[in-house]
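Here is what each chain is made of, one letter per residue.
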Amino acid sequence: MFERRLYHHVDWALVAAIFALCALGVVYIYSATAARTNSHLYVTQLYAIVIGVGVMLVTLSVDYRAFTDKSHLVYCGLLLVLLYVLFLGKVEMGARRWIPLRVFNLQPSEFAKVGVALVLAKFFGENRGVPAWSDLAIAGLLTIVPLGLIAREPDLGTAVTLVPVFLAVAYLAGMRMRILGILFIGFVLLAPVVWKFGLKDYQKSRISTFLDPSQDAKGAGYQQIQARITVGSGGLTGKGFKHGTQGQLQFLPVAHNDFIFSVLAEEQGFAGVLVALGLYLFVILRSLEAARLAKDRPGSYLVLGVLASFTFQVLYNITMSAGLAPVKGLTLPLMSYGGSSMIATLAGFGLILNVRMRRFTN
Amino acid sequence: MPHEDRRRIGVRLSVMQYFVIGLFSVLAVSFWVLQVAEHAKFEEMAENNNQRTVPLRAPRGVVFDRDGQVLVENRHAYSISIVREHTKDLNATIRLLAHVLQLDPAGVKELVDRHRREPTYRPIMIVQDATLAQVTAVTVHKLELPDVDIEQIPTRRYVDALAAHLFGYVGEVNDAQVAADSSLKSGDIVGQQGIEKSYNTLLMGEDGAKHVVVNSVGREIRQLDEDLATEGHRLRLTIDADIQKAIEDGFKAAGDGGLTDAGAAVILDPRNGEVLGFSSLPAYDPNAFASGVDRKVWNSLINDDQKPLQDRAIQGRYSPGSTFKMAVALAGLEEGIITPETTVFCPGHANFYGREFHCWMDRKGGHGSIDLRRAITESCDVYFYTVANMIGVDKINKWATALGLGDMSGIDLPNEVQGLVPSTQWKLQTRHEKWYAGETISVGIGQGAVSVTPVSMAVYASSLANGGTRVTPHLLKEVDDGGGWKAVPPPAPQATADIDPEKLEPIRDGMWGVVNTPRGTGITAKVAGRDVLGKTGSAQVVGMQTHAADKTNKTLRDNGWFVFYAPRENPTIAGVVMLEHGIHGGNAARVTHHILETYFAKLDGRPLPATPTPDTMKFDFSDADR
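Since this is a predicted model, take the numbers as computed values, not measurements.

About the criteria used
- Residues numbered from 1 in each chain as written.
- Chains lettered and ligands numbered in written order.
- Predicted model: local features only at pLDDT ≥ 70, side-chain atom pairs only at ≥ 80, totals over all residues.
- Helix = DSSP H or I, 4+ residues; strand = E, 2+ residues; numbered from the N terminus.
- Buried ≥ 20, exposed ≤ 12 C-beta atoms within 10 Å, placed from the backbone.
- Contact = placed C-beta atoms within 7 Å.
- Pairing = 2+ DSSP bridges.
- Axes fitted to C-alpha atoms, helices over the stretch in contact; angles between N-to-C directions.
- Expected span 1.5 Å × (residues − 1).
- Arc of directions from axis to C-beta.
- Nonpolar A, V, L, I, M, F, W, Y, C, P; charged D, E, K, R; others polar.
- Core = buried A, V, L, I, M, F, W, Y, C linked by C-beta atoms within 7 Å.
- Domains from an automatic or database assignment.
- Parallel < 35°, antiparallel > 145°, perpendicular 65-115°, else oblique.
- pLDDT = per-residue confidence, 0-100.
- Left-handed = near helix turned anticlockwise from the far one by under 90°.

## A word on the overall build of chain A
No. 1: Within chain A, the regular secondary structure consists of 14 helices and 3 strands.
No. 2: The proportion of buried residues among the 362 residues of chain A is 51%.
No. 3: The long-range share in chain A, meaning contacts at least 24 apart out of those at least 6 apart in sequence, stands at 72%.

## Structural notes on the sheet that holds strand β8 (residues 208–214) of chain B
All names here are of chain B.
No. 1: In space, the 3 strands of this open sheet follow the order β1-β8-β9, with antiparallel pairing throughout. Each edge of the sheet is formed by a strand with only one pairing partner; in this case those strands are β1 (51–56) and β9 (220–227). Each strand axis lies, on average, 30 degrees off the axis of its neighbour in the sheet, ignoring direction.
No. 2: By the bridge criterion, 6 bridges tie β8 to β9 in an arrangement that is antiparallel. For Lys210, the partnering residue across the bridge sits in β9 and is Glu226.

## Describing helix α2 (residues 39–50) of chain B
Residues and elements named next belong to chain B.
No. 1: In this model, α2 (12 residues) spans 17 Å end to end at C-alpha, consistent with the 16 Å of a helix rising 1.5 Å per residue.
No. 2: Every buried residue belonging to α2 is among His39, Phe42, Ala46, Asn49 and Asn50, and all of these are buried. The buried residues of α2 occupy one face: seen down the axis, they fall within an arc of 85 degrees. Exposed positions of α2 whose direction lies more than 90 degrees from the buried face are Ala40 and Asn48.

## Quick word on the pairing of strand β23 (residues 573–579) of chain B
Residue and element names in this part refer to chain B.
No. 1: Of all 7 residues that make up β23, 7 are buried, and the element is covered over most of its length.
No. 2: In β23, alternate side chains face the same way, and those of Ile573, Gly575, Val577 and Leu579 on one face and Ala574, Val576 and Met578 on the other are all buried.
No. 3: Here 6 bridges tie strand β11 (residues 263–268) to β23, and the two strands are oriented antiparallel to one another. Its bridge partner lying in β23, Val266 is registered against Val576.

## Quick word on the interface of chain B and chain A
No. 1: Contact with chain B, which involves 33 residues of that partner, is made by 37 residues of chain A.
No. 2: Counting residues per element, the ones that place at least two in the side of chain B that touches chain A are α1 (3–37) and α2 of chain B.
No. 3: It is α1(B) that provides the largest number of residues to the side of chain B that touches chain A, a total of 19 residues.
No. 4: The residue makeup of the side of chain B that touches chain A, split by class, is 18 nonpolar, 9 polar and 6 charged.

## Focus on the nonpolar core
Within soluble globular proteins, side chains that are nonpolar tend to cluster in buried spots.
No. 1: Formed by 134 residues in total, the largest nonpolar core has its most connected members in B:Val266, B:Ala327, B:Ala461 and B:Val576.
No. 2: Broken down by element, this core gets its largest block of residues, 8 residues, from helix α20 (residues 454–466) of chain B.
No. 3: In terms of domain composition, this core takes at least three residues from each of domain 2 (52–237) and domain 3 (241–286 + 311–617) of chain B.
No. 4: When neighbours within four sequence positions are excluded, B:Ala461 is seen to be in contact with B:Val563, B:Phe564, B:Tyr565, B:Ala574, B:Gly575 and B:Val576.
No. 5: Residues A:Tyr28, A:Met175, A:Ala294 and A:Phe312 belong to the second largest nonpolar core, which totals 106 residues.

## Section: the packing of helix α12 (residues 260–293) of chain A against α1(B)
No. 1: Running from N to C, α12(A) and α1(B) cross one another at 180 degrees; their axes reach a closest spacing of 10 Å. As judged from the angle between their axes, α12(A) and α1(B) are roughly antiparallel. Residues A:Ala265, A:Gly269, A:Phe270, A:Val273, A:Leu274, A:Leu277, A:Leu281, A:Ile284, A:Leu285, A:Leu288, A:Ala291 and A:Arg292 of α12(A) form the contact with α1(B), whose own contacting residues are B:Gly10, B:Leu13, B:Met16, B:Gln17, B:Val20, B:Phe24, B:Leu27, B:Ala28, B:Phe31, B:Trp32, B:Gln35 and B:Val36.
No. 2: For the contact of α12(A) with α1(B), the residue count by class is 19 nonpolar, 4 polar and 1 charged.

## Some words on the sheet that holds strand β3 (residues 105–106) of chain A
Residues and elements named next belong to chain A.
No. 1: One open sheet holds the 3 strands; their spatial order is β1-β2-β3, and the pairing between them is antiparallel. Looking along the sheet, the strands with just one partner apiece sit at the ends: β1 (90–92) and β3.
No. 2: Relative to strand β2 (residues 95–100), β1 runs antiparallel, the two being bridged by 3 bridges. In the strand pairing of β2, Val91 is matched with Arg96.

## Some remarks on the confidence of the model for chain B
Residue and element names in this part refer to chain B.
No. 1: In this model, chain B carries an average pLDDT of 89, and 96% of its residues clear a pLDDT of 70 or more.
No. 2: Across chain B, element-level confidence peaks in α20 with a mean pLDDT of 97 and bottoms out in β1 with 77.
No. 3: Confidence drops under a pLDDT of 50 for residues 543–551, and excluding neighbours within four residues, the segment shows 8 contacts in the predicted structure.

## Details of unusual backbone geometry
No. 1: With omega at 0 degrees, the peptide bond leading from A:Glu153 into A:Pro154 counts as cis.
No. 2: Residue B:Pro567 is bonded to the preceding B:Ala566 through a cis peptide linkage, with omega at -20 degrees.
No. 3: Of note, B:Pro567 is situated in the loop between β22 (559–566) and β23.
No. 4: Although it is not a glycine, B:His581 adopts a positive phi angle of roughly 55 degrees.
No. 5: Locating B:His581 in the fold gives a position in the loop between β23 and α22 (585–604).
No. 6: Taking the C-beta count within 10 Å as the criterion, B:His581 has 19 such neighbours and is therefore assigned partly exposed.

## Here's the deal with the environment of B:Trp512
All names here are of chain B.
No. 1: For Trp512, the position within the fold is in helix α21 (residues 501–516).
No. 2: In this structure Trp512 comes out as partly exposed when scored by C-beta crowding, with 19 C-beta atoms within 10 Å.
No. 3: Taking C-alpha positions, Trp512 is 9.7 Å from Tyr565, a pair spaced 53 residues apart along the chain.

## Here we look at the packing of helix α4 (residues 71–88) of chain A against helix α6 (residues 133–151) of chain A
In a packed pair of helices, the relevant descriptors are the angle between the two axes and the axis-to-axis distance.
Residues and elements named next belong to chain A.
No. 1: Taken N-terminus to C-terminus, the directions of α4 and α6 make an angle of 20 degrees; their axes are 9 Å apart at the nearest point. As far as their axial angle goes, α6 and α4 are roughly parallel. As for how α4 packs across α6, the hand of that crossing is left-handed. Between α4, through Leu78, Leu79, Leu82, Leu83 and Leu86, and α6, the contact on the second element is made entirely by Val145, Pro146, Leu149 and Ile150.
No. 2: Grouping the amino acids of the contact of α4 with α6 by side-chain chemistry returns 9 nonpolar, no polar and no charged.

## Considering the environment of A:Phe310
Residue and element names in this part refer to chain A.
No. 1: Residue position: Phe310 is located in helix α13 (residues 297–321).
No. 2: Through-space distance from the C-alpha of Phe310 to that of Gly348 is 9.1 Å; in sequence the pair is 38 residues apart.
No. 3: Apart from the residues within four sequence positions on either side, Phe310 is in contact with Pro333, Thr345 and Gly348.

## Concerning the environment of B:Val100
No. 1: Looking at the element boundaries, B:Val100 is found in helix α3 (residues 90–101).
No. 2: If we ignore the near neighbours within four places in the chain, the residues touching B:Val100 are B:Ala137, B:Val138 and B:His141.

Structural data, given as structure tokens:
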């Protein structure tokens, strides 16, 4: 299955950048949780990375075409698991998102991104030429179903990450720019309706406080103001490792998770930010390169599907961690604390490496 | 892959590539703006977030008596406050805190509401002087009450609660005081009465501050630096704690014996004006003020008929009665109007300007033929009516003032009031009336318009003792600013009267007789083996010049005076004891006796006399004496 010569075609630079970001994540999880006594979250994160590497080896070794060919099965299995979570999952902090396993809680919505990327790669890959309206409708339906299930948990943040997957793959598949424009206008027109009927109060308050954080400086706006202070007070070179005040003194909530990038920005300053941004940009551009080099269309689409949710999450989380976007429960892939996210992300990169590695095989 | 597809994919991937690069550039610029361009602003905000300045209150200076015994010190009180800065649910905090402290939640809420407009980082004090149980209860609930602070503040402690009016009390500075003194700031604790007030600048010390790092819920994580508070200067007073205790024991016996609960005593060193003992009764507990007196206690103090807040020793004005007679005698002798041998016949009463004046010996048939010495010893009224009439009010005023009466003593305590020795000029100025010669008769025995403060009477006794130097009573002997004790030069005398010592001797003879001869009115003050000189006085209560028939009503009884000094040669102690409604001067002489016994015992290194009781004091409740 894994031919020896393929080893030479693994994109080691991309692998190195991915693991550099993982290491950075572990280091800043350690820093952000150092103030708590007996916190070993960074160790848990290390375990997640080890498991993730295991899963990654699987998604790398098996020819990606085997995955895309069987993606309808993967997709159906995914829907079943999401239904299971919705009705029988573990409730934490008011949301039903997790399946309790013996060692950790599995969050299936994280794997939905890969699942949807696979099924869309297969769907668009089988069609030639510019996708028709009906194609887009079917692809949209394939995206909307898991998205709806996840949004019901509720986990709007993760649900929304499926939208870029659809858009990116459809765009690459040749969707007319006109349709993209119509979709955009539709979104603008629908937004007030969604605002009125679709969003819960806490979601509305997050968005409205984003527009004016000071209107609720103690509540939802607090995190945003604190995030800006955290990042801004870091300065050019930062306050030094574990010497941040905002993160260490817990002015920033869940610093090891949603706001890990703020901690980095505080302790390593603008210099550290540039390094991390550079690594992420490298990973993304290198992955786009993989899409370009792909041997077939499903390969390109698969790479882009996986990359789309990753890029969206990276951009959103970093913007949020600087207090420049509404606070959402969206983690920073590869760096934030979280086992399911780490495993799913590494599995996704396994697929990307897989596509690039097999660019010469038949 | 068909060529067409590959080309399209290539183009669209490039679009995405530039799109992503563009977005990352925007992010990088945003971070540059936040972290570099606006860094200073956010750095300050971060510091305000996590750095707190905690004031450290300076302990006030410790106060010692002349022998180094501690009179006023500091103890640690614990205050419990709410700091709202990081409070999520203030009402929940109030509910829980009230429950933990066992206070009424409505009361706590009202307190918080009163301070709601202040900055949130400023603590709102809920309990000023918490009990140990309250401190423990809050400590136990620390995790649920992260916004509740326990602060240790040095608080005044008045040992044995002696001499309340002398020490005065402390309290939070008021707006007028802040406006008047730029070194004070709102919230400072300053002296409001007594030496706490007059020596506030020395006692106050300098507050310190510490800068601490707090976390997001306001808990102190570590200390950055600390400016230690500087303790106030230590003061050594002229007060002798043993004399002070003797005075207060004597008064207590008078109170326990049902004689009186009110009065004043001032004991001086006649050589320099050092105050050895100083009392005004009834008193209050200055400790109650140290941790903030509540409305209930305050109201009960100001509404008390006995006026415990009044410092009778410097603010009470009383008729001196017969204790005034030495001033009249001195005026007569110095002005050459009488000699010691001038004799007056006392039938028990006499008629001046058509009005009948009585001697206290009237019922026993009067003193008969009597000279100056005996007139003082036996306190003959007719004698002094007669000579006062001969001398005239202005000359009496001159010599009484020279001895210290009717004037301010200049003692280093706030709010002293001035007494009054009348003169023709005084009457013309204040009442726009001519002085009638008939009015001089009552002045001769220290009644009528004459009113004096106990402290001026102590100066009077000192002047008689030292031959006419009007010493300035003062309480401060030495100051320690941290560099060792330094003597404070005593204040200069208010005046020195030009008195012929020869003229004083017959008066002193009379005063000696008061204490040391069987017919003396103050024989109860006698101390075996010591030459004590004194004079009793029983004065009608001002405003009640007509003797009411029912003297069993305590408030209508005469005030009892005793002025004294000792020993006769080179006197070292002089003073006055006044018992409000104490009936006779003889009862004041009994209290004086205990004070002098204590003084001489201490001087000789003998054991101090036992604490007096009503039984050992044998107060005289019979009425007639004057």
